[in-house]
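# Summary of structural features
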Amino acid sequence: MSHDGVRLRAVMRSVVFLTAGALAVPTLASCGSDDESGKPLAAQDIAPAGRDLVADGGTLRWAVDDVPETLNTFQSDADDATTRVAQAVLPAMFRLDAQGRPQRDADYLESAKVVDTEPKQVVLYKLDQQAVWSDGREIGAADFAAQWRALSGKDSAYWTARNAGYDRIEKIERGANNLEVKVTFSRPYADWKALFSPLYPKDVMGTPDAFNDGARRKLKVTAGAFSVQKVDRKDKEIVLGRNPHWWGRPAKLSQIVLAAVPLDKRAAALADGSVDLAEIDPADASRIALAGRAKGTSTPLQGASPTGKDENKNESRQKKKLSKKERKALAKFLRQQDALRAFTVRRSLEPAYTQLALNGSEGPLADERVRRAVARALDRTELAKVVLKPLGLPAVPVGSHLALSGQAAYADNSGALGGQDTTEAQALLADAGWVPGGPVKEKGEKAAGSEGKKSKKTDDESEGGSDGQYIVGEDNKDPQDHTKKHGHGDESSKHLADGKQYDGRKVKQGGAPGAYAPKGTAAPADAKTGLLAKDGKPLALRFVLPSGTGSESLGAVADSISRMLEKVGIRTEITKVSDDSYFKDHIASGQYDLALYSWPASAFPATDARPIFAKPVPAADGSLNVEQNYTRVGTDQVDQLFDQAASTLDEDESASLVRKADARIWAAAGSIPLYQRPQLTAARRSLANAGSFGFQTPLYEDMGFLKKGAAPSASPTKD
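Overview of the structure.

### Description of the sheet that holds strand β6 (residues 169-174)
Pairing is antiparallel in the open sheet, where four strands are placed in the order β4-β5-β7-β6. Every other strand in the sheet has two partners, leaving β4 (109-116) and β6 as the edge strands with one partner each. Along the sheet, successive strands turn relative to each other by an average axial angle of 15 degrees, direction set aside. Sheet analysis places β6 next to strand β7 (residues 180-185), joined by five bridges and oriented antiparallel.

### Overview of helix α6 (residues 282-291)
Owing to its 3.6 residues per turn, the α-helix brings residues three or four apart onto one side. Those residues of α6 that sit buried are P282, D284, A285, R287, I288 and A291. Next to the buried residues of α6 lie α5 (266-271), α8 (324-339), β12 (343-358) and β22 (671-684).

### A short note on helix α1 (residues 80-89)
In terms of residue burial, α1 counts as a mostly covered element, since seven of its 10 residues are buried. Of all the residues in α1, the buried ones are A81, T82, R84, V85, A86, A88 and V89. Its buried side turned inward, α1 meets β1 (59-64), β8 (226-232), β9 (237-242), β10 (255-260) and β11 (277-279). Between the side-chain oxygen at the start of α1 and the backbone nitrogen of A81 there is a gap of 3.1 Å, and the oxygen is on D79.

### Quick look at unusual backbone geometry
With an omega dihedral of 0 degrees, the bond running from E118 to P119 counts as a cis peptide bond. Looking at where P119 falls in the secondary structure, it is placed in the loop between β4 and β5 (122-127). Omega for the bond connecting S197 with P198 falls within 30 degrees of zero, at 5 degrees, which places this linkage in the cis form. With respect to the helices, strands and loops of the structure, P198 is situated in the loop between β7 and α3 (202-205). Backbone geometry places F196, a non-glycine residue, at a positive phi of 60 degrees. We classify F196 as buried; its relative accessible area is 0%. At N689, a residue that is not glycine, the phi angle is positive and equals roughly 60 degrees.

What counts, and at which threshold
- Residues numbered from 1 in each chain as written.
- Predicted model: local features only at pLDDT ≥ 70, side-chain atom pairs only at ≥ 80, totals over all residues.
- Heavy atoms only, no water.
- Pairing = 2+ DSSP bridges.
- Helix = DSSP H or I, 4+ residues; strand = E, 2+ residues; numbered from the N terminus.
- Axes fitted to C-alpha atoms, helices over the stretch in contact; angles between N-to-C directions.
- Buried < 20%, exposed > 50% of the residue type's maximum accessible area, 1.4 Å probe, protein only.
- Contact = heavy atoms within 4.5 Å.
- Polar contact = N/O pair within 3.5 Å; in protein donor to acceptor, adjacent residues only side chain to side chain.

Below is the structure:
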C-alpha cells in the first residue's frame with residue numbers, strides 16, 4: 001500500500017446522518033455550468049481487449065497487501081482485499097463507470113428508480129430473473145430486508161462500521177412479484193444508489209452471530225462471476241474460482257488468486273512468477289521500465305554509450321571491483337531484470353487525493369488567518385509536479401475536497417480561498433500578530449505549534465538525530481540537504497476550471513470573505529527572509545509524516561511545502577514516525593500541526609464525505625467527537641449543506657449543494673487538496689482487461705490472458 005495513503009482501511013467509514021439543522025445558510029452564487037465536472041484527468045490503463053481475443057482458462061495471481069481479516073465489507077477491519085473479493089463474488093446494484101459515476105449493473109438489475117416521493121420516497125428495484133445465489137435460491141426482498149435490519153443501527157448486537165442511508169429506510173417489502181423489491185424511506189435520501197452494493201445473502205445478514213463472525217473467514221453463498229474456493233492463511237492467499245451458477249458472461253479465467261505480497265517484495269515476486277498483477281511504487285515502476293528497454297542501452301552498471309562499443313568492457317571492469325557477495329547480489333538483480341521484461345507498467349490516477357491537513361484545534365492554526373496564510377503560501381501546481389511529472393501523469397492540482405475531475409459533483413472551488421500569493425500570506429500573518437524578529441526562545445523551549453510543549457521525542461518517532469526530525473529555517477543549512485538524503489518520490493493529479501465566487505458579496509480575486517487580510521494590511525518589509533514570532537514564541541509547526549516503505553514521495557512533497565512556508569516566515573519541524581502509529585497516535589488523536597494523508601473520492605459525497613468535514617461537537621463525556629474530521633475544522637453552514645444535499649432527490653440540485661459545501665470547506669482552510677494519487681500497476685504483457693482501473697469497478701469476468709498472436713483493442717467488447 002502506498003503511504004501517500006494511509007488508505008481507508010480503518011478510516012473511511014460512513015456514519016449516521018445528523019438531522020438537518022435549523023441554521024440558515026447565506027445565499028450562495030451558482031458554482032457554475034453543467035460542464036464543470038469535466039473529464040477524468042487520466043484514462044484507465046487496463047490493456048482492453050474483446051472477449052473473443054482472450055483465452056479461456058488460466059490463473060491470475062494478483063498481489064494484495066494481506067489476507068483480509070474479514071470478508072464482510074461492513075465491518076471496521078475490512079480492507080482493500082475485502083472489497084476486491086466482494087466485487088468478484090457478490091451482487092452490486094450499481095457499479096462505478098470510468099468517470100466515477102454509478103451505473104446500474106444489468107447482471108442483477110433490470111431497473112431501479114424512484115417511483116414515489118410523496119408522502120414518502122419509494123424506490124422500486126426490478127431484479128434480473130436469472131439472478132440467483134450459488135445455492136440456487138433467487139435473490140430477493142428477504143436479502144434486502146436482512147441487510148437493512150443489520151445495518152440500520154437499531155440493533156447494537158450487529159458490529160457494524162457504517163449504516164449511512166440504511167438508517168433512513170422505513171420498510172422493505174416484496175413488490176408485484178418475487179423479482180420486485182420496494183424500499184420505502186422515512187426521510188428522503190439522495191444517495192440511495194449507494195445502498196445494497198454489495199448485497200450479502202440473508203444467511204450472512206440474518207443474525208448478529210452470522211454477521212459478526214460467519215462472514216469473516218468464509219463466504220459459503222455468493223452470486224458473482226466467481227466464488228470463494230479457499231482462504232489460506234498459512235500460504236497467505238485467497239482462491240476465487242468460477243461460479244458454476246453464474247448467469248452472466250462466463251468468466252474467462254478459471255481462477256483468481258489474491259496473494260499477500262508486501263509492497264517492497266513485489267518486484268521480486270513479479271520476477272519469480274509468484275504474481276502476474278501488482279500495484280507497485282515508483283521505484284519498481286522505474287525498474288520495470290528499465291528492464292523493458294532493448295538490449296544495448298544503458299543499465300545500472302553501464303553508462304549510456306553513443307556507440308555501445310565499450311559497454312561490455314565497462315561492465316566487466318565494474319564487476320571486478322565488486323566483492324563476492326556484491327557480485328552475487330548483482331547477478332540476482334540482473335536475473336530479475338531479465339524476468340521483468342515480461343511485464344509492463346500500466347498508469348492512471350487513483351480515485352483518491354492527497355491533502356495537506358492543518359490541525360485547527362489549538363496553537364497558531366486555530367487562527368483561521370494563519371491557516372489561510374499557509375494555504376496561500378503553497379504553489380499546489382509545483383507540489384503536484386513533484387509527484388506526478390516524473391511518472392508522465394498530468395500534474396494538475398485537485399480543485400475539490402468532495403469529488404475528482406469527471407465526477408458529477410466536481411467543480412474547482414479553490415478560488416474560494418485563493419491561489420498562491422506570498423504577499424497576501426505575509427499580510428494575513430501580520431494581521432494575526434506574527435511579526436519578524438523580537439525575543440525568541442531557543443531550541444528546546446516551547447514553540448508555538450501544538451507540539452511545542454513537548455521536549456521529549458515520543459517512542460514511535462524515528463531515531464538517529466536528523467533522520468527523525470529536522471527544522472526548516474532553524475539554521476543556515478542548505479534546505480536541499482534533506483531532500484538529497486531522503487530522495488524524491490513520484491506521483492500526480494489534476495483539476496480543471498478556475499473556482500468561482502460563491503458568496504453574494506463582491507470578493508476580490510475570487511476569494512471568500514475572510515480569505516484575505518483586512519484591506520490596507522501591509523506585509524512586513526523584511527518578512528521575505530525573517531522567521532516570525534509572537535509573544536516570544538517562534539511560529540513553528542510540527543509536520544508529521546510516516547516513515548515506512550512507499551513514503552518517499554510524501555517526504556519530497558513535505559520538503560517542498562516546508563521551503564514554501566519558510567518564504568513567508570513559518571518554520572516547520574518535520575518528524576517521521578512509524579507506520580503503525582502514524583494515524584492512530586498522531587492524526588486521529590490530533591498530535592500534529594501539519595500532515596499529509598489521502599481521502600477517496602466517493603460517488604456519493606453527501607453521504608461519505610460528511611463525517612470527514614462535519615463540525616466537531618462535544619461528547620457526553622466532555623471529549624470532542626470529531627468523527628473523521630481530523631483537522632478539527634468545521635462549520636454549521638457546511639453541515640447544513642451536506643444535510644440538504646443528502647435529502648434532495650434532484651441530482652443536479654444535490655450536486656450543486658455539494659459544490660457549495662466544498663467552497664465553504666476551502667474557505668475554512670482546514671485541509672488543502674494537493675494532487676490525485678498515482679496508480680501504478682505492473683501487469684504481465686499478455687494480461688488483458690486488468691491494470692490501473694481508475695474510477696471504474698473492475699469487470700472480473702473479462703480479465704484474462706490474450707490468445708497467441710492477439711493484441712489489445714481500443715476498447716473491450718460487450719459480447
